[in-house]
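If you want the building blocks of each chain, they are given just below.
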Amino acid sequence: ERGVTPGLAVVLVGDRPDSAVYVRNKTVAAKEVGISILDYSFPATLSEAELLKCIEELNGNSAIHGILVQLPLPAGFDERTVLAGGRGGEE
């Protein structure tokens with residue numbers, strides 16, 4: 001559709017330096033091609049429920065066309081549940 005700027009939400013949980021570099025590089029590349037970026041950076045102490053709430057809110061944001069959750073997530077997170085947006089594997 002013309003006139004729509006693609007929007008990407010990038011979610012980083014924790015403080016892994018390698019993940020931070022990877023996210024920064026993806027953000028720069030996306031901006032270079034005209035994608036609108038929303039960066040979300042959370043401490044490793046964030047709960048899975050809080051992360052799922054954030055993803056749910058992003059899913060309801062019409063300006064966001066994709067959500068990138070940087071892996072690996074800190075210990076204690078169920079990556080499958082998070083990547084499914086809390087829908088238990090339903091896509």
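In what follows, the structure referred to is the one given above.
## Description of the overall build of the protein chain
Okay, so step 1: A count of helices and strands for the protein chain gives three helices and three strands.
Okay, so step 2: Its helices and strands taken in sequence order, the protein chain reads β-α-β-α-β-α from the N to the C terminus.
Okay, so step 3: Against the 2.2 N^0.38 benchmark of 12 Å for 91 residues, the protein chain shows a C-alpha radius of gyration of 13 Å, consistent with a compact globule.
Okay, so step 4: Oriented by its inertia axes, the alpha-carbon framework of the protein chain measures out at about 40 × 30 × 15 Å.
Okay, so step 5: A burial count over the protein chain gives 32% of its 91 residues as buried.
Okay, so step 6: In the protein chain, the share of contacts with a sequence separation of at least 24, taken over all contacts with a separation of at least 6, comes to 75%.

## Let's talk about helix α1 (residues 17–32)
Okay, so step 1: Spanning 16 residues, α1 covers 23 Å between terminal C-alpha atoms, matching the ideal 22 Å at 1.5 Å per step.
Okay, so step 2: Within α1 the residues assigned to the buried category are Ser19, Val23, Thr27 and Ala30. One face of α1 carries all of its buried residues, which in axial projection span an arc of 70°. Opposite the buried face of α1, by more than 90 degrees, sit the exposed residues Pro17 and Glu32.
Okay, so step 3: The inward-facing, buried residues of α1 abut β1 (7–13) and β2 (36–42).
Okay, so step 4: A positive phi of about 90° marks Gly34, the residue just after α1.

## Some remarks on the packing of aromatic side chains
Okay, so step 1: By the definition in use, this model includes one aromatic pair.
Okay, so step 2: Between Tyr40 and Phe42, the aromatic rings sit 6.4 Å apart at their centres with planes inclined by 20°, giving stacked as the arrangement.

Parameters and conventions
- Residues numbered from 1 in each chain as written.
- Predicted model: local features only at pLDDT ≥ 70, side-chain atom pairs only at ≥ 80, totals over all residues.
- Heavy atoms only, no water.
- Helix = DSSP H or I, 4+ residues; strand = E, 2+ residues; numbered from the N terminus.
- Rg over C-alpha atoms; globule rule 2.2 N^0.38 Å.
- Buried < 20%, exposed > 50% of the residue type's maximum accessible area, 1.4 Å probe, protein only.
- Contact = heavy atoms within 4.5 Å.
- Expected span 1.5 Å × (residues − 1).
- Arc of directions from axis to C-beta.
- Phe/Tyr/Trp six-rings, centres within 6.5 Å; stacked < 30°, edge-to-face > 60°.

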